[in-house]
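Each chain is listed here by its residues.
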Amino acid sequence: MIPNILSIAGSDPSGGAGIQADVKAISANGGYAMAVITALTAQNTKGVTGVYPISAAFVASQIVTIFADITVHAVKIGMLGGREIVDVVADALAGIKAPIVLDPVMVAKGGDRLLAESAVTSLRERLVPLATIITPNLPEAADLLEQPEARSRDEMLEQARALLRMGPKAVFLKGGHLSGDDSPDLLLTHELVHWMDATRVRTANTHGTGCTLSSALATQLAITGDMSAAAEAAKIYTRKAIFAAGNLVVGGGHGPTDHFFDLRS
């Protein structure tokens with residue numbers, strides 16, 4: 001069976017991140033992609049020049065309409081923008097049985113803020129406890145915890161444990177912001193500490209990698225039902241997509257990854 005995966009996120013017209021990246025990653029991992037759009041953005045590989053939020057009521061209407069007709073096997077949550085949208089998404093997803101992957105999108109790669117500071121408390125208190133797994137990078141983890149950014153594996157583990165105490169069933173903490181040649185990721189559950197190591201891929205084409213990984217993870221969770229296997233598969237897929245980014249010539253900033261590298265191999 002092909003699982004139905006719902007992404008709730010913002011739109012990136014340049015195609016590298018957001019809903020566009022989610023649809024590509026879900027499809028490439030074997031899922032049927034659906035999309036609830038929370039915001040329109042004006043952005044390219046060099047940065048974000050504008051954000052146009054969708055009304056919270058219409059975001060809620062999109063979600064309710066999907067669930068009224070279609071069996072959803074996993075949900076990925078990305079950019080939400082503001083507190084009202086965080087709250088309606090939490091309300092709409094309360095009690096669902098499908099796994100929820102929360103990618104706490106707060107700041108774009110170019111430094112533009114994508115989640116209002118006033119919404120962080122709602123995200124922390126309402127959506128994080130609903131999540132099956134959250135997938136922050138190190139700056140996002142620091143933002144959620146109101147702590148300095150982790151600079152070592154020991155600090156990553158300490159912060160992952162603090163995030164787990166907020167209520168999700170698992171934490172996938174991405175270590176790509178650490179210095180050095182390695183890019184370690186940490187999967188933490190109440191029963192498991194699992195480091196996923198890889199050598200850093202030296203490229204500027206990393207636009208949308210967080211969206212890509214979380215969407216792949218949601219799809220793999222729906223397919224396998226196994227947290228460790230899904231996390232490993234999502235990391236491998238994302239790494240291959242980054243490695244193949246040179247296939248594409250898109251923009252002059254942080255270019256996108258190649259989600260469909262398998263079609264070109």
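This text follows the structure it describes.
Residues numbered from 1 in each chain as written. Predicted model: local features only at pLDDT ≥ 70, side-chain atom pairs only at ≥ 80, totals over all residues. Heavy atoms only, no water.

Draft legend 1. Seen up close, the overall build of the protein chain. Helix and strand counts for the protein chain stand at 9 helices and 9 strands. For 265 residues, the compact-globule estimate of 2.2 N^0.38 gives 18 Å, and the C-alpha radius of gyration of the protein chain, at 17 Å, lies within 12% of that figure. Each principal axis of the C-alpha distribution contributes one length, and for the protein chain these read about 45 × 40 × 40 Å. For the protein chain, the residues scored as buried account for 54% of the 265 residues in total. When contacts within the protein chain are restricted to residue pairs at least 6 apart in sequence, long-range pairs at least 24 apart make up 65% of them. (Helix = DSSP H or I, 4+ residues; strand = E, 2+ residues; numbered from the N terminus. Rg over C-alpha atoms; globule rule 2.2 N^0.38 Å. Buried < 20%, exposed > 50% of the residue type's maximum accessible area, 1.4 Å probe, protein only. Contact = heavy atoms within 4.5 Å.)

Draft legend 2. Expanded view of the pairing of strand 7 (residues 170–174). When you tally the buried positions in strand 7, you get 5 out of 5 residues, the bulk of the element. In strand 7, alternate side chains face the same way, and those of Ala170, Phe172 and Lys174 on one face and Val171 and Leu173 on the other are all buried.

Draft legend 3. Representation of unusual backbone geometry. Of note, the phi angle at Glu146 is positive, near 55 degrees, even though the residue is not glycine. Note on placement: Glu146 falls in the loop between helix 5 (138–145) and helix 6 (153–164).

Draft legend 4. View of the packing of aromatic side chains. Counting across every chain of the model gives 1 aromatic pair. Seen from their ring centres, Tyr237 and Phe261 are 5.5 Å apart, and the 35 degrees between their planes marks the pair as tilted. Placement of the pair is Tyr237 in helix 8 (residues 227–243) and Phe261 in helix 9 (residues 261–264), with a sequence separation of 24 residues. Under the relative-accessibility criterion, Tyr237 is labelled buried at 7%. Here the basic side chain of Arg153 rests over the ring of Trp195, its NZ or CZ set 4.9 Å away from the ring centre. (Phe/Tyr/Trp six-rings, centres within 6.5 Å; stacked < 30°, edge-to-face > 60°. Lys NZ or Arg CZ within 6 Å of the ring centre and 35° of its normal.)

Draft legend 5. Representation of the nonpolar core. Formed by 47 residues in total, the largest nonpolar core has its most connected members in Ile8, Ile77, Leu80, Val89, Leu123 and Leu127. When neighbours within four sequence positions are excluded, Ile8 is seen to be in contact with Val36, Thr38, Ile63, Val75, Lys76, Ile77, Gly78, Met79, Leu80, Val89 and Leu93. Core analysis: the next-biggest nonpolar cluster, separate from the first, contains 23 residues, Ile133, Ala170, Ala216 and Phe261 among them. (Core = buried A, V, L, I, M, F, W, Y, C linked by side-chain atoms within 4.5 Å.)

Draft legend 6. Highlighting the pattern of salt bridges. Using the criterion set out here, one finds 9 salt bridges in the structure. For Asp258, the salt bridge is made with Arg264, and the minimal N-O distance between the two is 2.5 Å. Judged by its relative accessible area of 1%, Asp258 falls in the buried class. The partly exposed category is assigned to Arg264, whose relative accessible area is 47%. (Salt bridge = Lys/Arg side-chain N within 4 Å of Asp/Glu carboxyl O.)

Draft legend 7. Examining the pairing of strand 4 (residues 74–77) more closely. Residues Ala74 and Lys76 of strand 4 are buried on one face, and the alternating residues Val75 and Ile77, pointing to the opposite face, are buried as well. When strand 1 (residues 4–11) meets strand 4, the two strands line up parallel, connected through 4 bridges. Looking across to strand 4, one finds that Ile8 is bridged to Ile77. Sheet analysis places strand 4 next to strand 5 (residues 100–102), joined by 3 bridges and oriented parallel. If you follow Val75 over to strand 5, its bridge partner there is Ile100. Considered for its hand, the β-α-β crossover made up of strand 4, helix 3 (residues 83–93) and strand 5 is right-handed. (Pairing = 2+ DSSP bridges. Right-handed = clockwise from strand over helix to strand, strands pointing away.)

Draft legend 8. Quick look at the sheet that holds strand 7. If you walk across this open sheet you meet the 9 strands as 3-2-1-4-5-6-7-8-9, and the pairing is mixed. Both outer strands of the open sheet, strand 3 (47–53) and strand 9 (193–196), are each paired with one neighbouring strand and no more. Relative to the sheet, helix 3 contacts strand 1, strand 2 (32–44), strand 4 and strand 5, its axis offset from that of strand 4 by approximately 170 degrees. Together, strand 6 (133–134), strand 7, strand 8 (185–189) and strand 9 form the strand contacts of helix 6, whose direction differs from that of strand 8 by roughly 35 degrees. (Axes fitted to C-alpha atoms, helices over the stretch in contact; angles between N-to-C directions.)

Draft legend 9. Representation of helix 3 within the structure. Those residues of helix 3 lying buried are Ile85, Val86, Asp87, Val88, Val89, Ala90 and Leu93. In this fold, the buried residues of helix 3 make contact with strand 1, strand 2, helix 2 (56–69), strand 4, strand 5 and helix 4 (120–127). After helix 3 finishes, the residue Gly95 shows a positive phi value of roughly 90 degrees.

This is a description of form; function is not addressed.
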